[in-house]
Amino acid sequence: MVLADGAMRLTLEEGPALDAAALDQALTGDRTELWTGVTVGRGEPFDSMHLWIATTDDRFGMIWQDPDRDCGMVKMAMRWYCPVLITADSFAYLAIREPSRAQETTERRWEFGVCGYGPAGAELARSLHDHVQVWDRDWRTHPAPTFTLYPADALPPAPAIGRIFRKRHTQLAMMWR
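All figures in this text were calculated on a predicted structure; none of them were measured in a lab.

Undergrad: Which residues make up the overall build of the protein chain, and what values go with them?
TA: Counting its secondary structure elements, the protein chain contains three helices and ten strands. When the helices and strands of the protein chain are read in sequence order from the N terminus, they spell out β-β-α-β-α-β-β-β-β-α-β-β-β. Evaluated residue by residue, the protein chain yields a buried proportion of 42% over its 177 residues. Nonlocal contacts in the protein chain, meaning residues at least 24 apart in sequence, comprise 62% of its contacts between residues at least 6 apart. About 9,700 Å² of surface is accessible on the protein chain, with carbon and sulfur atoms providing 53% of the total.

Undergrad: Tell me about the pattern of salt bridges, and please be specific about residues and values.
TA: The tally for this structure, following the rule as stated, stands at ten salt bridges. Its salt-bridge partner being Glu-123, residue Arg-59 comes within 3.1 Å of it at the nearest N-O pair. Here Arg-59, found in the loop between α2 (47-56) and β4 (60-65), pairs with Glu-123, found in helix α3 (residues 121-139); they are 64 residues apart in sequence, far enough to count as distant. Looking at Glu-123, the relative accessible area reads 40%, which means it is partly exposed. For the salt bridge of Asp-136 with Arg-140, the shortest nitrogen-to-oxygen distance reads 2.7 Å.

Undergrad: Hey, could you go over the side chain of His-131 for me, with residue numbers and the actual values?
TA: Considering the arrangement of structural elements, one finds His-131 in helix α3. By relative accessible area, which is 14% here, His-131 ends up buried. Excluding its chain neighbours within four sequence positions, the residues that come into contact with His-131 are Trp-52, Ile-53, Thr-56, Asp-57 and Leu-85.

Undergrad: With reference to specific residues and values, describe the pairing of β4.
TA: With respect to burial, β4 is a largely interior element, five of its six residues being buried. In terms of strand pairing, strand β2 (residues 8-12) meets β4 through five bridges, oriented antiparallel. Counterpart to Leu-12 in the pairing with β4 is Gly-61. Where β4 meets strand β5 (residues 81-86), five bridges bridge the pair, whose relative direction is antiparallel. When the bridges of β5 are listed, Phe-60 appears paired with Leu-85.

Undergrad: How would you explain the sheet that holds strand β6 (residues 91-97) if you had to name every residue and give the values?
TA: Spatially, β1-β2-β4-β5-β6-β7-β3 is the arrangement adopted by the seven strands of the open sheet, whose pairing is antiparallel. Because the sheet does not close on itself, it has two edges, and the strands there are β1 (2-3) and β3 (31-41). Relative to the sheet, α3 contacts β3, β5, β6 and β7 (109-117), its axis offset from that of β3 by approximately 15°.

Undergrad: Help me get a handle on the packing of α2 against α3, residues and values and all.
TA: Axis separation between α2 and α3 bottoms out at 10 Å; the angle between their running directions is 120°. Considering their axes alone, α2 and α3 lie oblique with respect to each other. Between α2 and α3 lies a crossing of right-handed hand. Note on element contacts: α3 touches α2 through Leu-128, His-131, Val-132, Val-134, Trp-135 and Trp-139, opposite Ser-48, Met-49, Trp-52, Ile-53 and Thr-56. Here the residues of the contact of α2 with α3 are counted per class, giving eight nonpolar, three polar and no charged.

Undergrad: Tell me what's going on with the sheet that holds strand β10 (residues 170-175), and back it up with residues and numbers.
TA: Read across the open sheet, the three strands follow the order β8-β10-β9; overall the sheet is antiparallel. Both outer strands of the open sheet, β8 (146-151) and β9 (162-166), are each paired with one neighbouring strand and no more. Ignoring which end each strand starts from, the neighbouring axes of this sheet average 15° apart. The sheet contact formed by β8 and β10 spans six bridges and is antiparallel. When the bridges of β10 are listed, Pro-151 appears paired with Thr-170.

Rules behind the numbers
Per chain, residues are indexed from 1 in the order of the written sequence. Restriction of local features to residues with pLDDT of at least 70 applies here, the model being predicted, together with a cutoff of 80 or more for giving and counting side-chain atom pairs; totals for whole chains, interfaces and linings are based on all residues. Working from all heavy atoms in the structure, the side-chain values ignore hydrogens and water. A run of DSSP states H or I qualifies as a helix once it reaches four residues; a run of E qualifies as a strand once it reaches two. Both are numbered from the N-terminal end. Burial classification: accessible surface area is computed with a 1.4 Å probe over protein chains only, and a residue below 20% of its type maximum counts as buried, one above 50% as exposed, and the rest as partly exposed. Residues count as neighbours in contact if any of their non-hydrogen atoms are within 4.5 Å of one another. Every accessible area reported is derived by Shrake-Rupley at a probe size of 1.4 Å, with residue values counting cover from the shown protein chains alone. Within this document, salt bridges are pairs made up of a side-chain nitrogen of Lys or Arg and a carboxyl oxygen of Asp or Glu, the two lying within 4 Å of each other. The pairing criterion for strands is at least two bridges between them, as found by DSSP. In this analysis an axis means a line fitted to C-alpha atoms, helices contributing only their contacting stretch, and an angle means the value between N-to-C directions, from 0 to 180 degrees. For this classification, under 35 degrees means roughly parallel, over 145 means roughly antiparallel, 65 to 115 means roughly perpendicular, and everything else is oblique. Here a crossing is called left-handed whenever its near helix is offset anticlockwise from the far helix by less than a right angle, and right-handed whenever the offset is clockwise. Residues are grouped as follows: nonpolar covers Ala, Val, Leu, Ile, Met, Phe, Trp, Tyr, Cys and Pro; charged covers Asp, Glu, Lys and Arg; every other residue, Gly included, is treated as polar.

Below, the structure written as structure tokens:
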């Protein structure tokens, strides 16, 4: 789904049909902004956060920004793409901000936040905010999830914590331990 005349794109593996006009209009409306208190330092990995959100919320997708066409509407946590929760007419994405000079310590850290747009933007922002905090509190220091690939017609065991992504020819089980 292309937004802002091609400056941004939303992708969703499964879920409701997206309303391009409503999502584009959502970008020009009010924004919900929440900050999580969760921080990251330079070079510190946080890729398991994306995997955590993908396993816990069916509305998970990605937002992509054309680096050559910054429309000034979003400030994503990652330069070109980052996690997003999407409904037919609303979305919320992972954002980041630099610390103010007053907040800086000897090690510079950036804080994760979320920005929500559209009629369900505030609810999506709250959900994404909560996912980030749960990841930080319970899963950040755990090993990354394990992945097992099954044929499409197999009956893989349901993960206690995780998700099975069904594709045309395979099923990918992502499990947290």
